[in-house]
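Report on the structure
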Amino acid sequence: MTELKKKFAEKALPLAVEIRNFVKENADFVLGEFTVEDVYAGQKGIIGLLTETSLLDSNEGIRFRGYTIPELRQLLPKVPGGTEPLPEGLFYLMLLGELPTYDDVLDIQANWAQRATVPAHVFAALDAMPITTHPMTQFAIGINALQTESVFAKAYKEGINKKDYWDYTYEDVCTLLARIPVVAAYIYRRTYKNGEHIAPDPKLDWAANFAHMLGYDLNEFYKLMRLYLVIHADHEGGNVSAHTTHLVGSALSDPYLSFAAAMNGLAGPLHGLANQEVVRWIKDMQEEIGEDPTEEQIATYIQQTLTEGKVVPGYGHAVLRKTDPRFTAQQEFAKTYMADDKLVNIVWKIYKVAPPILENTGKIKNPWPNVDAHSGALLLHYGFAEYEFYTVLFGVSRALGVMASLLWDRALGLPLERPKSVTYEWLKKTVEAKKANA
Ligand code: HAX
């Protein structure tokens, strides 16, 4: 058993007992109420999920096990002489709630490198798809194809004790995390680079190796990939990709099936696909207005987008009510490495112009940019122009958080998720009966 797995078991299994007792003792404690409007509003604000890995504050943004993004950029281990945190370290933190040492990170790297060989049938399944298939569709197919290797599914079929679910899940989670960058890079190279694939370099860290397999062997791009894979990793439990992982996993679908389902959710334009939509929207604007639009022209284009009944991608959020600190982290990176980049400067102009216009609509609850407003411009700076692939990068990162969470689900013995649904008729009758009795 690896040191990380041992530490996880020592932490999670006693906590599962403690939590069961806490729930028993406080079973009747009322946390809140919800309204008819909430039922129709996508359950926003209703507390109905448990996620240990991160917590989102509307104004402050995300904290991973209590740490903000600026704190993580300082405190997580980096490669010697490096400036950006290593995503493997964030996985350790999310899993254990403790900051890792650099040696802890090296242990994870070595373990994942051993697991990284992707079976040939996964590539064959991808090769069977038309080259025009959206990369996110290919990614979901690739993850489902990896599922043949699930040790959880195999063990369950043979019969296992509930207490051991976490153990097999752990093995699947580590293997999945080791293999998805290889699958993602394969999709990129087959779709955009004539199928000229690049072998992994086991000497590199997880993020740099991913950049290497994609074909971006530049130290600065390695830094960007490390930052990118850290900031997209988790955003508490209610977002579509995290919630889907938890929901599907609650049926004891193995980590591969749960994560593939989550990626189908991430591929929606209101969630992870927004990063490609931002670049598409800017390109359309440039085509209509010119390469270097003024603030006034951008303002007019935003108004036009709203008038046409479309969303301004990269702006708004279901929980956040301020500028997303993930946007700010990317802006800081851009200020350091590409302050004169034309597209980056358009992104910054949009940031100046869009919030008051969105606010003036009177209905958009959060007029500020989210993570997706900035990421494409950074990638484009390094010549990574195939924007339909961007959500796959997001997906590789998101795996870290949702897989750490799924492991906790199994260790805590969380049950099948099954919220109650009602009909409009039921709601009407219930409201009328309550009013009549008031
Ligand atoms: N542009 C135009 N209209 C917007 C808007 C935007 N950026 N953000 C919200 N609105 C609209 C909504 O469509 C809704 O309109 P209707 O009442 O006509 O249906 C109204 O404002 C109220 O919405 P809200 O309560 O403020 O926002 P929601 O919680 O319902 O939705 C979204 C949050 C992120 C989906 C929304 O802000 C949006 O569509 N943004 C653009 C797409 C985007 O950037 N998505 C990525 C979000 C971050 C993420 O998950 N990344 O992966």
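This section reports on the structure supplied with the text. All figures in this text were calculated on a predicted structure; none of them were measured in a lab.

For the structure shown, the criterion picks out 22 aromatic pairs. Relative to W408, the ring of F8 lies with its centre 5.3 Å away and its plane at 85°, an arrangement referred to as edge-to-face. Here F8, found in helix 1 (residues 3-25), pairs with W408, found in helix 19 (residues 390-412); they are 400 residues apart in sequence, far enough to count as distant. Accessibility expressed as a relative area gives 0% for F8, which makes it buried. Measuring from centroid to centroid gives 6.1 Å for Y188 and Y216, while their planes differ by 50°, and the two rings are tilted.

What follows concerns the site of the ligand. Surrounding the ligand, one finds 21 residues, the nearest of these being G314, Y315, K363, K365 and D372. For the ligand, an oxygen atom lies 2.9 Å from a polar atom in the side chain of H271. A distance of 2.8 Å separates an oxygen atom of the ligand from a polar backbone atom of G314.

Attention shifts here to the pattern of salt bridges. A full pass over the atoms with the stated rule returns 22 salt bridges. With a closest N to O distance of 3.8 Å, K154 and E158 form a salt bridge. Taken together, the residues K154 and E158, both in helix 8 (residues 151-158) and four residues apart, mark about one turn of the helix. By sharing partners, the salt bridges in this structure join K5, R115, D167 and E171 into a single network.

With 14 residues, helix 5 (residues 102-115) ought to run about 20 Å at 1.5 Å a step, and its terminal C-alpha atoms sit 20 Å apart, in line with that. Within helix 5 the residues assigned to the buried category are D104, V105, I108, Q109, N111, W112 and R115.

With that out of the way, let us pick up the pairing of strand 1 (residues 54-57). Side-chain alternation along strand 1 places S54 and L56 on a buried face and L55 and D57 on a face that remains uncovered. Bridge analysis of strand 1 against strand 2 (residues 61-64) gives four bridges, and the strand direction is antiparallel. When the bridges of strand 2 are listed, S54 appears paired with F64.

The subject of this paragraph is empty space enclosed by the protein. What the rule picks out here adds up to two cavities of 30 Å³ or more. Taken as a whole, the largest cavity holds about 80 Å³ of empty space. L49, L50, T51, G237, A242, T245, H246, V402, S405, L406 and D409 together form the lining of the largest cavity. The set of elements that each furnish at least two residues to the lining of the largest cavity consists of helix 12 (240-249) and helix 19. For the lining of the largest cavity, a count of residues per class yields five nonpolar, five polar and one charged. Size it by volume and the second largest cavity reaches roughly 60 Å³.

Peptide bonds are trans in most cases, and residues, glycine excluded, mostly fall at negative phi. The phi angle at E236 is positive, at roughly 50°, despite the residue not being glycine. Structurally, E236 can be placed in the loop between helix 11 (219-231) and helix 12. The phi dihedral of L252 falls on the positive side, at around 65°, and the residue is not glycine. Relative to the helices and strands, L252 resides in the loop between helix 12 and helix 13 (255-266).

A separate point is helix 16 (residues 325-337). Here helix 16 spans 18 Å end to end across 13 residues, near enough to the 18 Å set by a 1.5 Å rise per residue. Regarding helix 16, the residues found buried are P325, R326, F327, A329, Q330, Q331, F333 and A334. Buried-residue contacts for helix 16 involve strand 2, helix 3 (69-75), helix 11, helix 17 (342-360), helix 18 (372-381) and helix 19.

What counts, and where the lines are drawn
- Residues numbered from 1 in each chain as written.
- Predicted model: local features only at pLDDT ≥ 70, side-chain atom pairs only at ≥ 80, totals over all residues.
- Heavy atoms only, no water.
- Phe/Tyr/Trp six-rings, centres within 6.5 Å; stacked < 30°, edge-to-face > 60°.
- Helix = DSSP H or I, 4+ residues; strand = E, 2+ residues; numbered from the N terminus.
- Buried < 20%, exposed > 50% of the residue type's maximum accessible area, 1.4 Å probe, protein only.
- Near = heavy atom within 4 Å.
- Polar contact = N/O pair within 3.5 Å; in protein donor to acceptor, adjacent residues only side chain to side chain.
- Salt bridge = Lys/Arg side-chain N within 4 Å of Asp/Glu carboxyl O.
- Expected span 1.5 Å × (residues − 1).
- Pairing = 2+ DSSP bridges.
- 1 Å grid on protein atoms, 1.4 Å probe; cavity = no way out; pocket = protein on both sides within 12 Å on 5 of 7 lines; lining within 4 Å.
- Points joined across faces, edges and corners; volume = space filled by probe spheres on them.
- Nonpolar A, V, L, I, M, F, W, Y, C, P; charged D, E, K, R; others polar.
- Contact = heavy atoms within 4.5 Å.

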